Amino acid sequence: MTGSGSCDKTDVSQHLTAQLKNRVFSERAGTMRLVILDDYDLASEWAAKYIRNRIIQFKPSADRYFSLGLPTGSTPYGCYQKLIEYYRNGDISFKYVKTFNMDEYVGLPRAHPESYHSYMWNNFFKHIDIKPANAHILDGNAEDLEAECQAFEQKIAEAGGIELFVGGIGPDGHIAFNEPGSSLVSRTRVKTLAKDTIVANARFFGNDLSKVPTMALTVGVGTVMDAKEVMILITGAHKAFALYKAIEEGVNHMWTVSAFQQHPRTIFVCDEDATLELRVKTVKYFKGLMHVHNKLVDPVLSIKDQ
Amino acid sequence: MPSNRSVSDAPITQFINCRILRDHRLQREDLWVREGRILDPEKLFFDEQGYADKRVDCEGSIIAPGFIDVQINGGFGIDFSQASDDVSAGVSFVAKKILEHGVTSFCPTLVTSPPAVYHKVLPQVKVHGGGPHGAGVLGENRCVRPPPEDELQSFPELVLTRSSICGPFGAGGWSGSQSVVRELCQRSITCHSVANLSQAEDAVQTGASFITHLFNAMLPFHHRDPGIVGLLTSDQVPAGRTVYYGMIADGIHTNPAALRIAHRAHPSGLVLVTDAIAAMGLPPGRHTLGQQVIEIQGLHAYVAGTKTLSGSIATMDMCVRHFKQASGCSVEEALEAASLHPAQLLGLGHRKGNLDYGSDADLVLLDDALDVKATYISGEEVWRKGP
């Protein structure tokens, strides 16, 4: 560089910093981020910090709730634990947050320990200050399942749409219960579960396949695509192939998470193990961007400072 | 947060920062109460979209179901077997004082007395719920000498369904009274100080379910005739039935080694009782109680001027602490011996002696040393330890 003194260098670095800022917050340009952390705990923490910052920056109030889409399962468990910790420390409140869960089994009693209602109560709702009326989960025991699905879509619309939809990925690349072959423009509906999914879930029902529910209510791929931002959590080697199919191959209804390649604002948060089936080039590229990604969670905000 | 419910307007209390005894273990969970009963918070959240009106910070305490004392003869100078004109005042006085020991329900006990005493005293003992006035009375517990068969019909009508039968102990003491036993068993739970194991097993099969203060006032264990003690491991107990046995765990009336043997042989039947006499709760020194002069030294109550024990004066919480320390059992087991087991014995396990949803919110808050910090009945604080 043929600069002539320290003044030039300061101008350049200020200019670069401004550009970096724009890169991070450029919503209209469309962003796909692959955030890779070393292990499950760090991935959970990054995701929780991101959710925390998004809610606090939004400045939710009684007139303007933050709508959050939520998943269940072992992947988001660590993220929920961190969010509970932040609530207990007084850094975040869920008082003005509305939540919409992705799915629920059909025909499973709500109080059953494996229902998604039980999961959300025990792993999240009972520990935080969310108002019960703002926690929405599909009712798998509704008299009219189709009406229940339509009502759910209606509630999302009334809430002004979902600001951030957090999801996971199945080993077969599904999002929520949008099994391979699901329409990529689907809405909330009743789905019959794929054999893969039933087998994967058997471990929660004493390994007795006959006890696993065979149907579920689920948000559609289209429903999640309507959200302003989508964050998918993917951890563990058993999800690696699905991640490869979702981001390195084309958009395909057999791997429904691939639909988010066409969403304007997507983040995939993973651990090392989940990247095992990706090309070295892909992983190196996104790891090289971690300093940019980390600006989204550093500094981490707190309501105590407001 | 204000509460919001469609099912009931009653206020909801949430106990936080506590460890509760549920499913036989201490768990870090909040306890929710509404209308005097334990509430299911998940149902409240999803079905009623409701939440707590009031939060009570337990500062890390243990919450156990309130203690239930099925055998207590009096205390604080009151003797339940005294045929006085104002028995209920005495019962109420003791009921109020034992809240400090974590006892939320009890059975005032009458020692073996002439029938005239029962006729006078029993009608004055009423079953009623507990509250700020004192622990609830679940029924009375009386020791009776079984009458001859022809007197059975005129036997003082059992006011309630709890009764203990202490018979003469000695071989042959029970001949001919099997039908009496059966009749009394049908009307109550009974205990026997019968002579040998097969008589005891017979009694259990007829309906008896409780052994009063194991080891005391019965023939000692013999390896060829275990006597009543053998009931703890008897294979003649009908399926689905449990034989319960009272233990006075004050460290004096039962040697700790004997306590351990009983506990290890049959842990689920152990019921802690105080069997407290009128001198319980009185300060050290001499006291004249009825016809007797009692001398209190520490945990011992002697007939004045002698080394003869006149009865136990340990409080229920002392018994729980001593039982845990002497038997080496877990905190959960010690607490259940004073709450769950007596409730099961009395057939009240569906609403007392546990913290299951729907059960009465009779609670005792304890620190890790199992000292009582506060007592609640139907979700209302009825006693709190001063600073």
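Rules behind the numbers
Residues numbered from 1 in each chain as written. Chains lettered and ligands numbered in written order. Predicted model: local features only at pLDDT ≥ 70, side-chain atom pairs only at ≥ 80, totals over all residues. Heavy atoms only, no water. UniProt positions renumbered as here; feature names shortened; annotations may be inferred. Axes fitted to C-alpha atoms, helices over the stretch in contact; angles between N-to-C directions. Helix = DSSP H or I, 4+ residues; strand = E, 2+ residues; numbered from the N terminus. Contact = heavy atoms within 4.5 Å. Nonpolar A, V, L, I, M, F, W, Y, C, P; charged D, E, K, R; others polar. Buried area = accessible area lost by both parts, 1.4 Å probe. Salt bridge = Lys/Arg side-chain N within 4 Å of Asp/Glu carboxyl O. Polar contact = N/O pair within 3.5 Å; in protein donor to acceptor, adjacent residues only side chain to side chain. Pairing = 2+ DSSP bridges. Buried < 20%, exposed > 50% of the residue type's maximum accessible area, 1.4 Å probe, protein only. Domains from an automatic or database assignment.

- As recorded in an unreviewed UniProt entry, chain B goes by the name N-acetylglucosamine-6-phosphate deacetylase, listed as coming from Lates calcarifer.
- Turning to chain B, the UniProt annotation filed under Sequence similarities (unreviewed entry) states: "Belongs to the metallo-dependent hydrolases superfamily. NagA family."
- In UniProt, chain B has this text filed under Catalytic activity (unreviewed entry): "N-acetyl-D-glucosamine 6-phosphate + H2O = D-glucosamine 6-phosphate + acetate".

- Looking at an unreviewed UniProt entry, one finds chain A named Glucosamine-6-phosphate isomerase and attributed to Lates calcarifer.
- Turning to chain A, the UniProt record has this under Catalytic activity (unreviewed entry): "alpha-D-glucosamine 6-phosphate + H2O = beta-D-fructose 6-phosphate + NH4(+)".
- Under Subunit (unreviewed entry), UniProt gives the following word-for-word description of chain A: "Homohexamer."

Observations concerning the packing of helix H3 (residues 77-88) of chain A against helix H4 (residues 116-123) of chain A
Residues and elements named next belong to chain A.
Here is step 1 of the chain: Packing of H3 against H4 brings their axes to within 10 Å, and their N-to-C directions diverge by 40 degrees. Of the residues in H4, those in contact with Tyr77, Tyr80 and Ile84 of H3 are Tyr119, Met120 and Asn123.
Here is step 2 of the chain: Class assignment of the residues belonging to the contact of H3 with H4 gives a composition of 5 nonpolar, 1 polar and no charged.

Some points on the interface of chain B and chain A
How big an interface is tends to be stated in terms of accessible area lost as the parts join.
Here is step 1 of the chain: Contact residues are listed per partner, giving 10 residues for chain B and 11 residues for chain A.
Here is step 2 of the chain: A combined buried area of about 1,100 Å² lies between chain B and chain A, and 66% of that area is made up of carbon and sulfur atoms.
Here is step 3 of the chain: Residue B:Asp47 pairs with A:Arg110 through a salt bridge whose shortest N-O separation is 2.6 Å.
Here is step 4 of the chain: For the interface between chain B and chain A, the tally reads 3 residue pairs in polar contact (both at pLDDT 80 or more).
Here is step 5 of the chain: A class-by-class count of the residues in the side of chain B that touches chain A yields 4 nonpolar, 2 polar and 4 charged.

Describing the sheet that holds strand S20 (residues 300-303) of chain B
All names here are of chain B.
Here is step 1 of the chain: Pairing is antiparallel in the open sheet, where 3 strands are placed in the order S18-S19-S20. With one partner strand each, in any of the chains shown, strand S18 (285-289) and S20 form the two edges of the open sheet. In this sheet, adjacent strand axes meet at a mean angle of 30 degrees when their direction is disregarded.
Here is step 2 of the chain: In this sheet, S20 lies alongside strand S19 (residues 292-297) in antiparallel orientation, the contact comprising 4 bridges. Within S20, the residue paired with Gln297 across the bridge is His300.

Details of the pairing of strand S6 (residues 164-167) of chain A
Residues and elements named next belong to chain A.
Here is step 1 of the chain: The two faces of S6 match: Leu164 and Val166 on one face and Phe165 and Gly167 on the other face are all buried.
Here is step 2 of the chain: Across 2 bridges, the pairing between strand S2 (residues 66-70) and S6 is parallel. Looking at the pairing, Leu68 lines up with Leu164 of S6.
Here is step 3 of the chain: Relative to strand S9 (residues 230-234), S6 runs parallel, the two sharing 3 bridges. When the sheet's bridge partners are listed, Val166 is paired in S9 with Met231.

Some details on the domain arrangement of chain B
All names here are of chain B.
Here is step 1 of the chain: Each assigned domain of chain B is listed with its residue range as follows: domain 1 (12-64 + 355-384) and domain 2 (67-345).
Here is step 2 of the chain: Residue-level contacts link 20 residues of domain 1 with 21 residues of domain 2.
Here is step 3 of the chain: For the pairing of domain 1 and domain 2, the buried interface totals around 1,600 Å² over both sides, and the portion due to carbon and sulfur atoms is 72%.
Here is step 4 of the chain: For the salt bridge of Asp371 with Arg321, the shortest nitrogen-to-oxygen distance reads 3.1 Å.
Here is step 5 of the chain: When contributions to the side of domain 1 that touches domain 2 are tallied by element, the ones reaching two or more residues are strand S3 (25-27), strand S7 (62-65), strand S21 (363-366), strand S22 (372-377) and strand S23 (380-384).

Focus: the sheet that holds strand S6 (residues 54-57) of chain B
Residue and element names in this part refer to chain B.
Here is step 1 of the chain: Pairing within the open sheet is mixed, and its 4 strands lie in the order S5-S4-S1-S6. The strands lining the two open edges of the sheet, one partner per strand, are strand S5 (37-39) and S6. Neighbour-to-neighbour, the strand axes of this sheet turn through a mean angle of 35 degrees, independent of strand direction.
Here is step 2 of the chain: Bridging between strand S1 (residues 12-16) and S6 involves 4 bridges; their strand directions are parallel. Within S6, the position partnered with Thr13 by the bridge is Lys54.
Here is step 3 of the chain: Helix H1 (residues 41-48) contacts S1, strand S4 (31-34) and S5 of the sheet and is inclined by roughly 65 degrees relative to S4.

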